[in-house]
Amino acid sequence: MKSQDVRKQFLDFFQSKGHLIVPSAPIVLKDDPTLMFNNSGMAQFKEYFLGNATPKSNRIADTQKCLRVSGKHNDLEDVGFDTYHHTMFEMLGNWSFGDYFKKEALPFAWEFLTEVLKLDKDRLYVSVFEGNEEENVPFDQEAFDIWKQFVPEDHIILGNKKDNFWEMGDQGPCGPCSEIHIDLRTDAERAAVSGASLVNADHPQVVEIWNNVFMEFNRKADGSLEKLPAQHVDTGMGFERLCMAIQNVTSNYDTDVFTPLIAKVEEITGLKYTSNEIKNISEEQDKTNIAIRVIVDHVRAVAFAIADGQLPSNTGAGYVIRRILRRAIRYGFTFLDTKEPFIYKLVAVLADQMGEFFPEIKSQQNLVTNVIREEEASFLRTLDQGLQLLENVISETKSKVVAGAKAFELYDTFGFPKDLTALILRERGLALDEAGFDVAMQEQKARSRAASEVSTEDWSVLVPGNVETFVGYDQTEADVKITRIRKVDSKKDGVLYQIVVDKSPFYPEGGGQVGDKGTLVSANETIQIIDTKKENNLILLLAKQLPENVNASFVAKVNTDLRAASAKNHSATHLMHLALRTVLGTHVEQKGSLVTPNNLRFDFSHFAKVTDGELQQVEDFVNARIQEQLPLIERRDIPFAQAVSEGAMALFGEKYGDSVRAIKFGDSMELCGGIHVNNTAEIWSFKIVSEGAVAAGIRRIEAITSDAVKKHYANQEVLLNEIKLSLKNPQGTLKAVVALQDDNAKLKKQLESLLKDKAKNMKGDLAKEIQEINGIQFLAKQVDLNPEGAKDLAYELGTLGTNMFLVLATAEEGKPMLSCYISKELVAGKNLNAGLVVRELGKFIQGGGGGQPFFATAGGKNVDGIAAALEKAIAFVK
């Protein structure tokens, strides 16, 4: 049975059991501040388990894209080394929200596995929670008794809290679980050792395939458990492992989930992957297998994250995606000898495989391909730079062991991997102090954890029930009661209080728009609201203090000046989106935005720099829509399918409900939950202030509206007057500037000519100072030239022979610069490298640099270090 059929049969089965089939949520979470990525099937349903929202059906089933590479669930370093861990994986799940419980859920699971998929019952083992006295949670007798109807008792394992009590996090819904495991070993292996003894023992062929979690409790901040008002079922079945069992193989990578990707890697590299069925392979083949598994796993994670709107970057979720991709690149670089980008070629295979169930990977294929290709090229350049830096470290090491802290610096600053460092050192007869590396790594992780550490207290519920509503589309003030409060303490923000009110006019951060600020006012006091966020369907008002009387009546007042400014920028973003699609083409899609009271930022897909002419057209288009005074047409709670069929734009990577809100200004119509102006005339004016690249195929425009535009033009007028004044108020300012530029160009040419003449004149004098050391013509000297003149002089002196080693220093305007010239014959014959020389000598002037093996430069900021650098230079030729 093919993997596509397994997925379909699961969804069809649960649909027949009265479950509503819902699409996968995006792999990247944008509306949950507690998680970067969807790391389990239940993540998109948290608000239902917490009782903060009502599901559209009490029975739901889906297949969810999941990513486990950070935090509590982190499988990254296991990926590739075994055959069943993954970064991205699919979780097949069925859910009951206060509907059925154990006596339905467990028979559902058994029926699907044994009657629909026809798995061998004798190979299946189940586990139930053994109980925990400390938690006052008893042995799960009910689950045990249910399983006895289907399996012999020697196939029922009692599991401890670690294995059979599932928790969403340090706080929140949790409960005992019952897992189903399958034994895929040969009959001979099964006869020799019982499968029951290998359950939860990390055996690669005795693996968990399904977990049935029974949500009964809520974990409080003090660690205690309290009963939930309703009982829920949360199940998750690993799709890749299930396919392994169905397709009668012993590795996830031998299933058709991965074999097409592996075949493409084999085609590109000319290397072969060996099935898990083949034993006693060579160490070299094992390394090849691991590298190929890493690559085909990681490309799935990276491709789907990009398709869902998360670009690789240096911070947050983007950094995690970049780290995954770089791990794949370095495994190819080290073990498959791939020195050019190639992983991007796998995206087409992935799109063909999974496009039917996950259309985003098909529609975003070009973008994903281009981003991965550019990231590969960039990191391969970094690896090349890292190799040069490693040479520096090796040359500085006096013993046979390279300090772990030095290797960690290469890893942390330049992304140069530890295992590649260790491999190169072994080839050079050196060893890496791995313990020192691990210490440096742990110290960095500790610093990172400390910086992001958050302590959250339990909610103090003042008004029970799900009574909170958002009234901010119609009101900026409302009479409110506080329904719940809690204290949050973090290293970053200090102590803050989260306040929830019954009727919030405050807009919570979302859709790119920042949260509202304002006040809560009672008869006796005023509380400043410094931000508004949303978590698990609750709108959280953030304050630095609580009201003295939290049970009082309050007036919630939004800061209308800030909100109005944000609304103008948000509506302008919609108009600009339409303008870009009109001017550049309908391939343009929004890939991110930030709307603040001060400005707007808009990221979009486009594969070339937007020209000045095109930017002007976009600006003119938006301003024309402003001049047309287009009224806002807002439609709330319309069916998603209807809105899209009527032309509303839906953004990839966003999670939409069945009912949506559509915002229309003329021909611009988008699904959006943000705050907007009532008429485009309120925007007054729109001005683009910058355009640039964010990543391959992604551009970014920053712009301003309204009062910010007025201020911009006022500043431009002040600047123009200052220019006129400095030019002594000429009649034609532009002509005066052009004339000044012409004069400057002429003087520059004259100066360059004089400096070249000066360099030639200095050549004869300096030639007399050249020393011969070990057959090398050596000179290290500070010269009274600018850096360009020093370069000319170095090349002039280089014509005197084929064994020249020159280091010339300059200090123009107090800025030290070192230039190193080495004859190409010396570079080839003596293994000398000018880039390595200037990087080493650059330390004396508190700087660095690089270049080619025969000529390189280093700049710095310590002129006093020039003498020491020149003195050190002789060490390279002795």
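Please refer to the structure placed before this passage.
Overview of the structure.

Rules behind the numbers
Residues numbered from 1 in each chain as written. Predicted model: local features only at pLDDT ≥ 70, side-chain atom pairs only at ≥ 80, totals over all residues. Heavy atoms only, no water. Helix = DSSP H or I, 4+ residues; strand = E, 2+ residues; numbered from the N terminus. Buried < 20%, exposed > 50% of the residue type's maximum accessible area, 1.4 Å probe, protein only. Contact = heavy atoms within 4.5 Å. Areas by Shrake-Rupley, 256 points an atom, 1.4 Å probe, with all protein chains shown as cover. Lys, Arg positive; Asp, Glu negative; His and termini not counted. Charge placed at Lys NZ, Arg CZ, Asp CG, Glu CD. Expected span 1.5 Å × (residues − 1). Salt bridge = Lys/Arg side-chain N within 4 Å of Asp/Glu carboxyl O. Axes fitted to C-alpha atoms, helices over the stretch in contact; angles between N-to-C directions. Parallel < 35°, antiparallel > 145°, perpendicular 65-115°, else oblique. Left-handed = near helix turned anticlockwise from the far one by under 90°. Nonpolar A, V, L, I, M, F, W, Y, C, P; charged D, E, K, R; others polar. Core = buried A, V, L, I, M, F, W, Y, C linked by side-chain atoms within 4.5 Å. Phe/Tyr/Trp six-rings, centres within 6.5 Å; stacked < 30°, edge-to-face > 60°. Pairing = 2+ DSSP bridges. Polar contact = N/O pair within 3.5 Å; in protein donor to acceptor, adjacent residues only side chain to side chain.

## Quick word on the overall build of the chain
When its secondary structure is counted, the chain shows 25 helices and 37 strands. Dimensions of the chain along its principal axes, counting C-alpha atoms only, are 100 × 75 × 50 Å. Expressed as a percentage of its 878 residues, the buried residues of the chain come to 51%. Contacts in the chain between residues far apart in sequence, at least 24 positions, make up 68% of those at least 6 positions apart. Carbon together with sulfur atoms contributes 48% to the accessible area of the chain, which is approximately 40,200 Å² in total. Each charge class in the chain can be summarised by its mean position, and for the 100 positive and 123 negative side chains these summaries are 5 Å apart.

## Observations concerning helix 3 (residues 102–116)
Taking 1.5 Å of rise per residue, the 15 residues of helix 3 would be expected to cover 21 Å, and the 20 Å separating its terminal C-alpha atoms lies within 8% of that figure. Looking at helix 3, one finds that the buried residues are Lys 102, Ala 105, Leu 106, Phe 108, Ala 109, Trp 110, Phe 112, Leu 113 and Thr 114. Just downstream of helix 3, Lys 118 is the residue with a positive phi angle, here 60°.

## Brief notes about the environment of His 587
Considering the arrangement of structural elements, one finds His 587 in the loop between helix 17 (560–583) and strand 25 (590–595). With 222 residues separating them in the primary sequence, His 587 and Gln 365 have C-alpha atoms 12 Å apart. With near-sequence residues (within four places) excluded, His 587 lies in contact with Ser 605 and His 606.

## Let's talk about the pattern of salt bridges
Scanning all chains against the criterion turns up 53 salt bridges. Taking the shortest distance from any N to any O, the salt bridge between Asp 99 and Arg 59 comes out at 2.6 Å. Of this pair, Asp 99 sits in the loop between strand 5 (88–97) and helix 3 while Arg 59 sits in strand 2 (residues 59–67), and the two are 40 residues apart along the sequence. One salt-bridge network, held together by shared partners, links Asp 120, Asp 122, Arg 123, Asp 187 and Arg 190.

## Quick word on the packing of helix 13 (residues 365–396) against helix 15 (residues 418–427)
Contact geometry of helix 13 with helix 15 gives a least axis separation of 11 Å together with a crossing angle of 50°. In terms of their interaxial angle, helix 13 and helix 15 are classed as oblique. Between helix 13 and helix 15 lies a crossing whose hand is right-handed. In contact with Leu 383, Leu 387, Leu 390 and Ile 394 of helix 13, helix 15 contributes Leu 420, Thr 421, Ile 424 and Leu 425. Split by residue class, the contact of helix 13 with helix 15 holds seven nonpolar, one polar and no charged.

## Thoughts on the nonpolar core
Core analysis: the largest hydrophobic core is formed by 121 residues, its most contacted members being Leu 113, Leu 119, Leu 242, Ile 343 and Ile 372. Excluding its chain neighbours within four sequence positions, the residues that come into contact with Leu 119 are Leu 113, Thr 114, Leu 124, Ile 182, Ile 209, Leu 242, Ala 245 and Ile 246. Counting 29 residues, the second-largest nonpolar core is a separate cluster that includes Phe 621, Cys 672, Ile 675 and Ile 683.

## Re the packing of aromatic side chains
Within this structure, the stated rule accounts for 36 aromatic pairs. Here Tyr 48 and Phe 97 contribute two aromatic rings whose centre-to-centre distance is 5.3 Å and whose plane-to-plane angle is 75°, an arrangement assigned as edge-to-face. Placement of Tyr 48 in helix 2 (residues 46–49) and of Phe 97 in strand 5 is noted, with a sequence separation of 49 residues between them. Assigned by exposure class, Tyr 48 and Phe 97 land together as buried. Between the aromatic rings of Tyr 100 and Phe 108, the centroid separation amounts to 5.3 Å while the plane-to-plane angle is 85°, which identifies the pairing as edge-to-face.

## Thoughts on the sheet that holds strand 32 (residues 771–773)
Spatially, six strands are ordered 32-33-34-35-37-36 in an open sheet, and the strand pairing comes out mixed. The open sheet has two edge strands with one neighbour each: strand 32 and strand 36 (848–851). Geometrically, the sheet is characterised by an average inter-axis angle of 20° between neighbouring strands, direction not taken into account. In the sheet, strand 32 pairs with strand 33 (residues 776–782) via three bridges, with the strands oriented antiparallel. In the strand pairing of strand 33, Gln 771 is matched with Phe 778.

## Describing helix 20 (residues 706–726)
Taking 1.5 Å as the rise per residue, helix 20 with 21 residues should run 30 Å; its terminal C-alpha atoms sit 31 Å apart, in good agreement. Within two residues after helix 20, Lys 728 carries a phi angle of roughly 65°, on the positive side.

## Looking at the sheet that holds strand 29 (residues 668–671)
The three strands lie next to each other as 27-28-29, forming an open sheet whose pairing is antiparallel. In the strand order of this sheet, the two ends are held by strand 27 (633–639) and strand 29, each with one partner. Neighbour to neighbour, the strand axes of the sheet diverge by 20° on average, direction disregarded. The pairing of strand 27 with strand 28 (residues 659–665) spans five bridges and is antiparallel. For Glu 634, the partnering residue across the bridge sits in strand 28 and is Ile 663. Strands in contact with helix 17 are strand 28 and strand 29; relative to strand 29, the strand with the most contacts, it is inclined by about 115°.

## Some remarks on the pairing of strand 25
By the bridge criterion, five bridges tie strand 25 to strand 26 (residues 600–605) in an arrangement that is antiparallel. Following the sheet pairing, Gly 592 is matched in strand 26 by Asp 603. From the end of strand 25 to the start of strand 26, which pair antiparallel, there are four residues.

## Focus: the side chain of Ser 605
Note that Ser 605 resides in strand 26. According to the relative accessible area criterion, Ser 605 is buried, its value standing at 5%. Side-chain polar atoms of Ser 605 contact the backbone oxygen of His 587, separated by 3.1 Å. When sequence neighbours within four positions are dropped, the list of residues in contact with Ser 605 reads His 587, Val 588, Glu 589, Lys 591, Gly 697 and Ile 698.

## Thoughts on the side chain of Asn 94
Of note, Asn 94 is situated in strand 5. You can call Asn 94 buried: its relative accessible area is 0%. Side-chain polar atoms of Asn 94 contact the side chain of Tyr 100, separated by 3.0 Å. Among the polar contacts made by the side chain of Asn 94, one reaches the side chain of Thr 235 at a distance of 2.6 Å. Setting aside anything within four residues of it in sequence, one finds Asn 94 in contact with Phe 10, Phe 14, His 19, Ile 60, Ala 61, Tyr 100, Trp 210, Val 233, Asp 234 and Thr 235.

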